[in-house]
Amino acid sequence: MMESNRGHLLPIYVLADESGSMTDHIDELNDGLRSLHQALLGEPMAAAKVRFSVLGFSDDVVERVHLVDLRSAGEFPRLRTRGMTSYRNAFEDLIVRIPGDVNTLKREGYQVHRPAVFFLSDGLPNHNEDWHDAHRRLTDRGTTLGAPNIIACGIVDADAQTINEVATQPQFGFIVNKGVDVGSAIAKFCTALTQSVIRSGRSLGSPSPELVVDKPEGFTVAIDVI
C-alpha cells in the first residue's frame, strides 16, 4: 500500500430517494445538484478535499456519480424516478460500497476521513421492511470500514421519528417544516448540502478538520418534532 502522502479527502455520498412519489420533484433535485457542482467549481481549494458520489435509491441503488473530483467533473447524470422505497437495500449497498471506496482512495495515497452520507427521502420506507439491522451494521465502526456519518433530511410525507433513526446523531436529522413548498424544500436542502461540502472541505485544510453540517433553511431538527 502506498504511503499516505497525497493529503486528506472526505468522501461524500448523496443518497437520494428515486421512488415514484418523487416524480413531480426529481427535476428540482437535479437542478439543485447542478447548482452544487457549479458552486464547488468556484471553491477549488474546498473541492480538492472532497470526492463526491450521487446514488439514487428505490427498489435498488443506481450509481449516478462515483467518487468524482468536482473540479474536473462533467455534467452530472440525472436522477430518475422508479419503483418503491427500500431503505434496507440502500443501506445494504453502502455496507459494500463504502469500504471499497475507502480502500481505493487509501491505495491512491490519501488519508481518508470518515465518509458523510446526505440522505433525502420524501416518504416512509417500504411497509414491513426491516431496515434497522442493515443501518446498524452500516454505522457500526467495528463492522464496516468507513462507517459513515449520516445526515438525514425528510420532506413531504417523511416521518420525523424515522428520519431521526436514520441520522447517526440527533443534530444530523432534519424534517421539513409544515407548509414549506416541496420545490423550495429541495432547493434549500441542496443549498445546505453545498455549504456543508464547502465548509467541510475548507476544514480539511485546517489544523482541526471536521465534518460541518448546515441545517437547511425551513427544516427543523427531527428529534424536536417527535
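Here, the structure is the one placed above.
This one's a predicted model, so the numbers in the text were calculated from it and none came from an experiment.

Trainee: Mind showing me how you'd approach the pairing of strand β5 (residues 116-121) here?
Mentor: Side-chain positions along a regular strand alternate between the two faces of the sheet. With 6 of 6 residues buried, β5 is to be regarded as a mostly interior element. Burial along β5 is two-sided: the residues Ala-116, Phe-118 and Leu-120 and Val-117, Phe-119 and Ser-121 are all buried. Across 5 bridges, strand β1 (residues 8-17) lies against β5 in parallel orientation. When the bridges of β5 are listed, Ala-16 appears paired with Leu-120. As paired strands, β5 and strand β6 (residues 149-154) are joined by 6 bridges and run parallel to one another. Within β6, the residue paired with Phe-119 across the bridge is Ala-152.

Trainee: How should I be thinking about the pairing of β1 in this particular structure?
Mentor: Extensive coverage of β1 is indicated by the burial of 9 of its 10 residues. One ladder, built from 2 bridges, connects β1 with strand β4 (residues 111-112); its direction is parallel. Bridge pairing links His-8 to Gln-111 in β4.

Trainee: So what exactly am I meant to see when it comes to the packing of aromatic side chains here?
Mentor: For any pair of aromatic rings, geometry is given as the distance between the ring centres together with the angle between the planes. Here the structure, examined in full by the defined rule, presents 8 aromatic pairs. Judged by centre distance (5.0 Å) and plane angle (80°), the rings of Tyr-87 and Phe-119 are edge-to-face. Remark: Phe-119 occurs in strand β5 and Tyr-87 occurs in helix α3 (residues 87-107); sequence separation between them is 32 residues. Taking relative accessible area as the criterion, Tyr-87 reaches 0% and is therefore assigned buried. Among the aromatic residues, ring-to-ring pairing joins Phe-57, Tyr-87, Phe-91, Phe-119 and Trp-131 into one connected group.

Trainee: When you look at the packing of α3 against helix α4 (residues 132-139) in this model, what are you seeing that I'm missing?
Mentor: Between α3 and α4, the shortest axis-to-axis distance is 8 Å and the interhelical angle comes to 25°. Accordingly, the angle class assigned to the pair α3 and α4 is roughly parallel. In terms of crossing hand, the pair formed by α3 and α4 is left-handed. Contacts between α3 and α4 involve Arg-88, Phe-91, Glu-92, Leu-94, Ile-95 and Ile-98 from the former and Ala-134, His-135, Arg-137 and Leu-138 from the latter. Per-class residue counts for the contact of α3 with α4 are 6 nonpolar, 1 polar and 3 charged.

Trainee: Please clarify how α4 should be interpreted in this entry.
Mentor: Since there are 3.6 residues in each turn of an α-helix, residues three or four apart along the chain are aligned in direction. The complete set of buried residues in α4 reads Ala-134, His-135 and Leu-138. Taken around the axis of α4, the buried residues stretch over an arc of 100°, which confines them to a single face. Packed against the buried residues of α4 are α3, β6 and α5 (160-166).

Trainee: How should I be thinking about the environment of Asp-224 in this particular structure?
Mentor: Position of Asp-224 among the secondary structure elements: in the segment after β8 (219-221). Residue classification places Asp-224 among the exposed positions, given a relative accessible area of 60%. Sequence separation between Asp-224 and Ile-175 is 49 residues; the distance between their C-alpha atoms is 9.4 Å.

Trainee: What am I meant to see in the packing of helix α1 (residues 26-41) against helix α6 (residues 182-204) here?
Mentor: Each pair of packed helices can be summarised by the angle the axes make with each other and by the distance between the axes. Where α1 meets α6, the axes come as close as 9 Å, and the angle between the chain directions of the two elements is 25°. The orientation of α1 with respect to α6, classified from their angle, is roughly parallel. Once α1 is placed against α6, the crossing between them reads as right-handed. On α6, the residues touching Glu-28, Leu-29, Gly-32, Leu-33, Leu-36, Ala-39 and Leu-40 of α1 are Gly-183, Ile-186, Phe-189, Cys-190, Leu-193, Thr-194, Val-197 and Ile-198. Residues that form the contact of α1 with α6 fall into these classes: 11 nonpolar, 3 polar and 1 charged.

Trainee: I tried to follow the nonpolar core on my own but got confused; where do I start?
Mentor: Generally speaking, soluble globular proteins have nonpolar side chains that are buried together. If you look at the biggest cluster of nonpolar residues, it comprises 71 residues, and the most contacted ones within it are Leu-15, Leu-29, Phe-52, Phe-91, Phe-119 and Ile-155. A per-element tally of this core places α6 first, with 9 residues.

Trainee: When you look at the pattern of salt bridges in this model, what are you seeing that I'm missing?
Mentor: One side chain can pair with another of opposite charge once the charged atoms of both are near each other. Inspection of the entire model under this criterion finds 15 salt bridges. Close ionic contact of Asp-27 with Arg-78 constitutes a salt bridge, the shortest N to O distance being 3.1 Å. Placement of the pair is Asp-27 in helix α1 and Arg-78 in the loop between β3 (61-68) and α3, with a sequence separation of 51 residues.

Trainee: What is the right way to read the environment of Leu-211 from this model?
Mentor: Positionally, Leu-211 belongs in the loop between α6 and β8. Take Leu-211: its relative accessible area is 22%, and that puts it in the partly exposed class. Spatially, the C-alpha atom of Leu-211 lies 23 Å from that of Gly-56, the residues being 155 residues apart in sequence. With residues near it in sequence (within four places) discarded, Leu-211 still touches Leu-10, Ala-116, Asn-149, Ile-151, Phe-172 and Ser-200.

Procedures and definitions
Residues numbered from 1 in each chain as written. Predicted model: local features only at pLDDT ≥ 70, side-chain atom pairs only at ≥ 80, totals over all residues. Heavy atoms only, no water. Buried < 20%, exposed > 50% of the residue type's maximum accessible area, 1.4 Å probe, protein only. Helix = DSSP H or I, 4+ residues; strand = E, 2+ residues; numbered from the N terminus. Pairing = 2+ DSSP bridges. Phe/Tyr/Trp six-rings, centres within 6.5 Å; stacked < 30°, edge-to-face > 60°. Axes fitted to C-alpha atoms, helices over the stretch in contact; angles between N-to-C directions. Parallel < 35°, antiparallel > 145°, perpendicular 65-115°, else oblique. Left-handed = near helix turned anticlockwise from the far one by under 90°. Contact = heavy atoms within 4.5 Å. Nonpolar A, V, L, I, M, F, W, Y, C, P; charged D, E, K, R; others polar. Arc of directions from axis to C-beta. Core = buried A, V, L, I, M, F, W, Y, C linked by side-chain atoms within 4.5 Å. Salt bridge = Lys/Arg side-chain N within 4 Å of Asp/Glu carboxyl O.

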